[in-house]
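The residues making up each chain are set out below.
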Amino acid sequence: MDPDRIRPSFPAPTFRGNQATAIDAVRDAFAAGNDVVLVRAPTGSGKSLLARAVAGAARTPDEADPAEATGAYYTTPQVSQLDDVAADDLLDDLNVIRGKGNYTCILPDETTTPVDRAPCARESGYDCTVQHRCPYYADRAIASSRSIAAMTLAYFMQTAGSEVFGRRDVVVIDEAHGLAEWAEMYATVSLQPSAVPVWDEVGVPDVTAADDPVDRTARFAETLAGVCERAAEAMTASDELTPAEAARRDRLRELRSELRWFVSDHRDPTSATTWVVDQPDGEGTAITIKPLDPERYLHYTVWDRGNRFALLSATILDKAAFCRGVGLDPANVALVDVSHTFPLENRPLSDVTQGKMTYDHRDETLPDVARLLVRLMARHADQKGLIHCHSYAIQERLADRLAGFGVDARVRAHGRADRDRALEDWKAADAPDVFLSVKMEEALDLRGDLARWQVLCKAPYLNTSDSRVARRLEEGQWAWYHRTALRTVIQAAGRIVRAPDDYGTTYLADSSLLDVFDRARDDMPAWFADAVDRSTRPDLPPFDPEAALAGVDAVPDAGAGGPPRSRSASTTRDTTADPEDSAGDDHPLSDVWGE
């Protein structure tokens with residue numbers, strides 16, 4: 001890597017804000033011999049452009065000996081972030097490659113078949129005559145041969161050990177604050193009927209009844225891995241598989257690898273990873289195997305893939321804690337802090353707290369939050385608003401309350417299945433609708449009139465019933481717990497103000513948010529602390545459903561609870577039973593599963 005090439009590699013014709021200062025600070029940090037540079041840059045500072053500049057400093061083939069790594073990777077956990085990169089003309093030399101399932105086969109009878117289920121994946125020894133034109137293999141060939149390959153973190157990790165995507169000189173990870181959590185989630189092994197094709201062929205023990213549940217699980221995992229291997233080999237012997245059979249074979253192979261990794265890591269005395277096991281319903285039921293601090297896993301999938309690393313995010317809040325969570329030596333890591341250039345008055349925080357939204361207090365507080373939303377809708381009668389509900393349970397209860405007030409003509413929501421479509425429909429609409437969202441605190445760009453206000457309905461504390469969270473809290477890691485909640489709040493605050501001349505208000509409805517700010521104060525970036533210190537309690541209009549609908553062609557039903565008399569309601573809720581504040585597919589990084 002040549003740090004002096006970072007500034008000339010910046011892809012925009014001019015710098016804006018603090019980009020030039022940041023570029024020079026990153027250059028100096030690498031020149032000082034640091035292997036890893038953390039770049040803490042606020043939302044809207046142009047992190048993707050900074051990422052491209054760093055990638056441009058990678059060693060070229062002309063400069064390298066045959067055995068030396070060249071080129072760069074750009075990777076991000078967020079599918080939507082990769083989409084933004086692919087659409088940015090300034091980043092057109094980042095060659096994007098996605099997982100096979102994102103491409104369709106071009107053979108005449110297979111044009112609706114994903115490449116990972118195409119004949120080349122189903123038939124033994126299949127010789128595809130059009131592989132040179134296959135969209136997946138074409139993109140893979142281009143990305144593997146060009147100087148900068150761009151991919152999601154999921155695909156990047158999956159290709160560890162690949163001959164096609166080997167070690168490179170520079171790796172840039174955008175939105176890197178969740179790297180530890182993503183590695184934990186990706187390394188989790190879920191054993192349940194829908195995820196284990198041979199479930200009915202094995203007896204599932206009650207592992208939690210053992211003196212050492214993790215060791216008992218490891219012995220069961222060895223047995224299950226053997227069953228998976230034999231079943232996969234039997235399918236591989238077949239000359240041709242149906243798409244469903246190919247999917248079963250691939251899942252057997254994937255599960256075998258997951259199980260063997262867990263057993264190997266658990267029995268490795270040098271591994272820093274701690275494993276926990278959940279089986280709440282006992283013998284014959286689902287088992288979830290979860291890692292804490294999967295340092296060895298990250299070394300194999302990430303740190304062994306490059307010589308130098310730049311990790312970018314607005315919310316790498318504590319250098320030492322971050323390094324500890326991802327298995328880095330802080331002595332080899334530099335932190336570059338980029339200040340905010342957006343005027344504070346354009347991105348205010350407003351205290352409209354109604355009480356605690358914890359489970360024990362929610363029945364009392366939620367009705368007041370619903371009434372607050374009607375008042376805010378009146379204050380912003382002609383502006384779109386985003387409501388961060390935190391969970392589907394809260395979303396549904398708020399939607400029901402708002403419908404009861406007769407203002408549902410201006411309210412939209414989404415479920416798990418229609419999440420992306422509902423979001424795009426809301427963004428495309430001209431009406432000043434309010435969107436009840438779940439886990440959209442990250443990777444969402446609502447610049448300009450897409451949203452001028454948003455509400456945080458609940459402090460985003462992690463679910464304490466999750467065994468990983470519970471284990472850490474048992475060990476006294478409360479600073480981590482509060483810091484993780486603060487990180488999500490800061491990410492959420494950046495959704496609606498995306499440029500120096502953009503503006504929008506973030507309203508705090510849960511009084512527990514003030515507790516987050518107090519307990520995690522030392523971890524706050526200065527620019528966010530300034531917003532917290534300047535937060536005020538605004539004067540809001542009185543509760544008036546009719547005023548809340550002033551900007552749309554509708555009036556509330558006189559009987560408060562009936563449908564509006566004009567535009568039909570646009571709420572689309574997920575009616576699936578939803579545990580309060582569950583984790584799972586509501587995880588902040590959940591959109592990576594789209595890859």
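Refer to the structure presented above.
None of these values were measured; they are calculated from a predicted model.

Asks: Residues and numbers for the overall build of the chain, please.
Replies: A count of helical and extended segments in the chain gives 19 helices and 16 strands. Taking the principal axes of its C-alpha atoms as reference, the chain extends roughly 70 × 60 × 55 Å. Of all 595 residues assigned to the chain, the portion counted as buried reaches 57%. Approximately 24800 Å² of the chain is accessible, and the part contributed by carbon and sulfur atoms is 46%. With 66 positive and 98 negative side-chain charges, the chain shows a spacing of 2 Å between the two charge centroids.

Asks: Explain the state of the cysteines to me, using residue names and the numbers behind them.
Replies: Applying the stated criterion to the full structure yields zero disulfides. Distance from the sulfur of Cys134, which forms no disulfide, to the nearest cysteine sulfur (Cys120) is 6.5 Å.

Asks: Any chance you could break down the sheet that holds strand β11 (residues 349-351) for me, citing the residues and the numbers?
Replies: Think of a sheet as strands paired side by side through backbone hydrogen bonds, with each pair either parallel or antiparallel. With parallel pairing, the six strands of this open sheet are ordered in space as β11-β16-β15-β12-β14-β13. Two strands close off the open sheet at either side, each with one partner strand: β11 and β13 (411-413). Between one strand axis and the next, the sheet turns through 20 degrees on average, direction left out of account. The pairing of strand β12 (residues 385-388) with strand β15 (residues 453-456) spans four bridges and is classified as parallel. The partner of Ile387 across the bridge, within β15, is Val455. Helix α14 (residues 419-428) contacts β12, β13 and β14 (434-437) of the sheet and is inclined by roughly 160 degrees relative to β14.

Asks: Explain the pattern of salt bridges to me, using residue names and the numbers behind them.
Replies: Inspection of the entire model under this criterion finds 43 salt bridges. For the salt bridge of Asp502 with Arg452, the shortest nitrogen-to-oxygen distance reads 2.7 Å. Here the residue Asp502 occupies a position in the loop between α16 (478-493) and β16 (505-508), and Arg452 occupies one in the loop between β14 and β15, the gap between them amounting to 50 residues. Note on accessibility: Asp502 and Arg452 belong to one class, buried. Connected through salt bridges with shared partners, the residues Arg7, Asp24, Arg27 and Asp28 form a single ionic network.

Asks: An account of helix α3 (residues 79-87) is requested, with residue identities and associated values reported.
Replies: Of the positions making up α3, those classed as buried are Val79, Gln81, Leu82 and Val85. Around the axis of α3, the buried residues are gathered within 160 degrees of arc, so they sit on the same side. Of the surrounding elements, those touching the buried residues of α3 are α2 (47-55), β2 (72-76), β3 (95-96) and β4 (148-152).

Asks: Break down the environment of Asp368 for me, with residues and values.
Replies: Along the chain, Asp368 turns up in helix α12 (residues 362-379). What makes Asp368 partly exposed here is its relative accessible area of 34%. Sequence separation between Asp368 and Asp268 is 100 residues, and the spatial gap between their C-alpha atoms is 53 Å.

Asks: Mind laying out helix α11 (residues 319-326), listing which residues take part and the relevant values?
Replies: Residues of α11 that are buried: Ala321, Phe322, Cys323, Gly325 and Val326. N-capping of α11 is provided by Asp318, with a side-chain oxygen placed 3.2 Å from the backbone N of Ala320. Looking one or two residues beyond α11, the residue adopting positive phi is Gly327, at roughly 80 degrees.

Asks: A description of the sheet that holds strand β6 (residues 189-191) should follow, citing residues and the corresponding values.
Replies: With respect to topology, three strands assemble into an open sheet ordered β6-β8-β7, the strand pairing being antiparallel. Pairing within the sheet leaves two strands with one partner each, and these edge strands are β6 and β7 (274-278). Across this sheet, the average inter-strand angle for adjacent strands is 15 degrees, counted without regard to direction. Note that β7 and strand β8 (residues 287-292) share five bridges and pair antiparallel. Bridge pairing in β8 places Trp275 opposite Pro291. Helix α7 (residues 179-187) rests against β6, β7 and β8 of the sheet, and its axis sits at about 150 degrees to β8. Of the strands in this sheet, β6, β7 and β8 touch helix α9 (residues 243-266), which is tilted by about 120 degrees from β6.

Asks: Give a detailed account of the packing of helix α15 (residues 467-474) against α16, specifying residues and quantitative values.
Replies: Where α15 contacts α16, the two axes come as close as 8 Å, and the packing angle between them is 130 degrees. The angle between the axes of α15 and α16 places the two elements in the oblique class. In contact with Val469, Arg472 and Leu473 of α15, α16 contributes Trp478, Trp480 and Tyr481. The residue inventory of the contact of α15 with α16, partitioned by class, reads five nonpolar, no polar and one charged.

Asks: Explain the side chain of Arg122 residue by residue, including any values.
Replies: Within the fold, Arg122 resides in helix α4 (residues 119-122). Setting aside anything within four residues of it in sequence, one finds Arg122 in contact with Glu110, Thr113, Arg117, Asp239, Glu240, Leu241, Thr242, Pro243 and Ala246.

Asks: Account for the packing of aromatic side chains, with residues named and values stated.
Replies: Counting across every chain of the model gives 19 aromatic pairs. Centre to centre, the rings of Phe262 and Trp275 are 5.0 Å apart; their planes meet at 70 degrees, and the pair counts as edge-to-face. Of this pair, Phe262 sits in helix α9 while Trp275 sits in strand β7, and the two are 13 residues apart along the sequence. Residue Phe262 is classed as buried on the basis of its relative accessible area of 0%. Taking the relative accessible area as the measure of exposure, Trp275 reaches 7% and is therefore buried. Three or more aromatic residues joined by ring pairs form one cluster here, namely Trp182, Tyr186, Trp261, Tyr297 and Tyr300. Taking the ring centre of Tyr73 as reference, the NZ or CZ of Arg168 above it sits at 4.8 Å. Over the ring of Tyr503 we find Arg452, and its NZ or CZ is 3.8 Å from the ring centre.

Cut-offs used in this document
Position numbers for residues start from 1 in each chain and track the written sequence from start to end. Given that the model is predicted, a residue must reach a pLDDT of at least 70 before its local features are reported, and side-chain atom pairs must reach 80 or more before they are shown or counted; all residues, however, enter totals for whole chains, interfaces and linings. To obtain the side-chain values, all non-hydrogen atoms of the structure were included, while hydrogens and water were left out. The helix and strand labels rest on DSSP assignments: H or I over at least four residues marks a helix, E over at least two residues marks a strand, and numbering proceeds from the N terminus. Throughout this description, buried means an accessible area under 20% of the type-specific maximum (1.4 Å probe, protein chains only), exposed means over 50%, and partly exposed covers the range between. What sets the accessible areas is the Shrake-Rupley method with a 1.4 Å probe; for residues, cover comes only from the shown protein chains. Charged residues are defined here as Lys and Arg on the positive side and Asp and Glu on the negative side; His and the ends of the chain fall outside this count. Just so you know, the charge point we use is NZ for Lys, CZ for Arg, CG for Asp and CD for Glu. The disulfide criterion is simple: two cysteine sulfur atoms within 2.5 Å. DSSP calls a pair of strands paired once it identifies at least 2 bridges connecting them. Note on definitions: angles span 0 to 180 degrees between N-to-C directions of axes, and those axes are lines fitted to C-alpha atoms, for helices only across the stretch in contact. Throughout, a residue-residue contact means that at least one pair of heavy atoms, one from each residue, lies within 4.5 Å. By definition here, a salt bridge exists when the distance from a side-chain nitrogen of Lys or Arg to a carboxyl oxygen of Asp or Glu is within 4 Å. Arc definition: it is the arc formed by the directions from the helix axis to the C-beta atoms. Here a polar contact is taken to be a pair of N or O atoms separated by no more than 3.5 Å, where protein atoms must pair a possible hydrogen donor with a possible acceptor and residues adjacent in sequence count only if both atoms sit in side chains. Orientation labels follow simple angle bins: below 35 degrees gives roughly parallel, above 145 gives roughly antiparallel, 65 to 115 gives roughly perpendicular, and whatever is left gives oblique. By the convention adopted, Pro, Cys, Tyr, Trp, Phe, Met, Ile, Leu, Val and Ala count as nonpolar, Lys, Arg, Asp and Glu as charged, and the other residues, Gly among them, as polar. Here a pair means two rings of Phe, Tyr or Trp (six-membered ring of Trp) with centres within 6.5 Å. Their orientation is stacked below 30 degrees between planes, edge-to-face above 60, and tilted elsewhere. A positively charged side chain is recorded as over a ring if its NZ (Lys) or CZ (Arg) lies within 6 Å of the ring centre. The angle to the ring normal must also be within 35 degrees.

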